[in-house]
Amino acid sequence: MEFETLVQARRSIRGYKKDPVPRKVLQEIINVAKGAPSSMNTQPWHVHIVTGEPLECIRKGNTDNMMAGVPPKRDFPMKEDYQGIHRQRQVDVAKQLFSAMGIERDDKKRRMDWVMRGFRQFDAPVSIVLTYDKYLEPAAISHFDLGAVAYGICLAACERGLGTVINGQGIMQSHVVREHANIPDDQNIMICIAMGYPNEDFAANSVKAVRAKHDDFVHYVGFEEITEAETA
Ligand SMILES: Cc1cc2nc3c(=O)[nH]c(=O)nc-3n(C[C@H](O)[C@H](O)[C@H](O)COP(=O)(O)O)c2cc1C
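Positions within a chain are numbered from 1, following the residues in the order the chain's sequence is written. Whole-chain, interface and lining totals are the exception, using all residues; otherwise, since this is a predicted model, local features are given only for residues with pLDDT of at least 70 and side-chain atom pairs are given and counted only at 80 or more. Heavy atoms from the whole structure form the basis of all side-chain values; hydrogens and water molecules are not counted.

Peer 1: Just give me the short version of unusual backbone geometry, but keep the residues and values in it.
Peer 2: Here the bond from Glu137 into Pro138 is cis, since omega is -5°, no more than 30 degrees from zero. Only DSSP runs of H or I with at least four residues qualify as helices, and only runs of E with at least two residues qualify as strands; both kinds are numbered from the N terminus onward. On the secondary structure map, Pro138 appears in the loop between strand S2 (126-133) and helix H6 (140-159). Despite not being glycine, Asn41 has its phi angle at roughly 55°, a positive value. Relative to the elements of secondary structure, Asn41 occurs in the loop between helix H2 (23-33) and strand S1 (45-51). One non-glycine residue, Asn182, lies in the positive phi region at around 60°. Within the secondary structure layout, Asn182 lies in the loop between helix H7 (174-181) and strand S4 (187-196).

The structure is reproduced here in structure tokens:
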């Protein structure tokens, strides 16, 4: 697929068919994604691809812990307390998703079901868990590098007709994921990516999250003139 078409076509997929993803396809995707740049070519990522029984155990463990009120526990300090425009965008995309799913603002049960769906990895047949070596902490540059490989995975999957959603929900109980995905103690869990063939009938899959206007976040310095194309 042409690159721009691919970027436009990708969106987060939160409803999947049961069909398994062949291991050969997963290998191809990772081989594309590993072309990501990384600081000094360190390639600090480990990629754990989980399916079948271990993934079912993760779903159950996540669900049981969340229902029992076990506080979320990540492997590294995290405090994204979004404010202002960031908070607004977070609210806006949640509204888009709830509206697509027909979930009313005061429907506590369905809202909770939706949240639990995230902890179940959106019932996707595959979860890709990205980790990095613990000794790298505080690992801001390695986090950046893992972001690059994560996006590569999503694009390469999309090109092959697969859906993905990068998500923090699936690893909110990182110790559960560590246990069932057999992740070594000297690695920290960064994020996971749910993956599978999109369920075309799942309403939230049609949501296209809005992006800011070019001029709202791009700052040109030292340029003499602004063309019409640039202000579009
Ligand atoms: C680091 C990261 C964490 C995310 N965590 C979640 C999550 O826990 N649950 C979820 O439904 N989506 C999650 N997302 C998906 C974002 O909501 C999504 O990328 C954003 O709304 C833009 O929509 P798009 O991916 O469809 O373009 C996450 C994305 C990233 C990059």
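Peer 1: If you had to explain the layout of surface pockets to someone new, which residues and values would you point to?
Peer 2: For each structure, a 1 Å grid was placed over the protein atoms alone; sets of points admitting a 1.4 Å probe that cannot get out are labelled cavities, open sets with protein on both sides within 12 Å along at least five of seven lines are labelled pockets, and lining residues have an atom within 4 Å of a point. Grid points are joined across faces, edges and corners, and a volume is the space filled by probe spheres set on the points. Volume-wise, the largest pocket comes out at about 2400 Å³. Lining the largest pocket are 48 residues; nearest its centre among them are Arg14, Tyr82, Arg89, Gln90 and Val93. Put simply, the parts of the chain that give the lining of the largest pocket at least two residues each are helix H1 (3-9), helix H4 (84-101), helix H5 (108-119), H6 and strand S3 (163-167). Three classes are used: nonpolar for Ala, Val, Leu, Ile, Met, Phe, Trp, Tyr, Cys and Pro, charged for Asp, Glu, Lys and Arg, and polar for all others, with Gly counted as polar. Across the lining of the largest pocket, the residue classes tally to 23 nonpolar, 11 polar and 14 charged. Around the second largest pocket, the lining comprises 14 residues; the ones closest to its centre are Arg11, Ile13, Pro198, Glu200 and Asn205. Partitioned by chemical class, the residues of the lining of the second largest pocket number 5 nonpolar, 6 polar and 3 charged.

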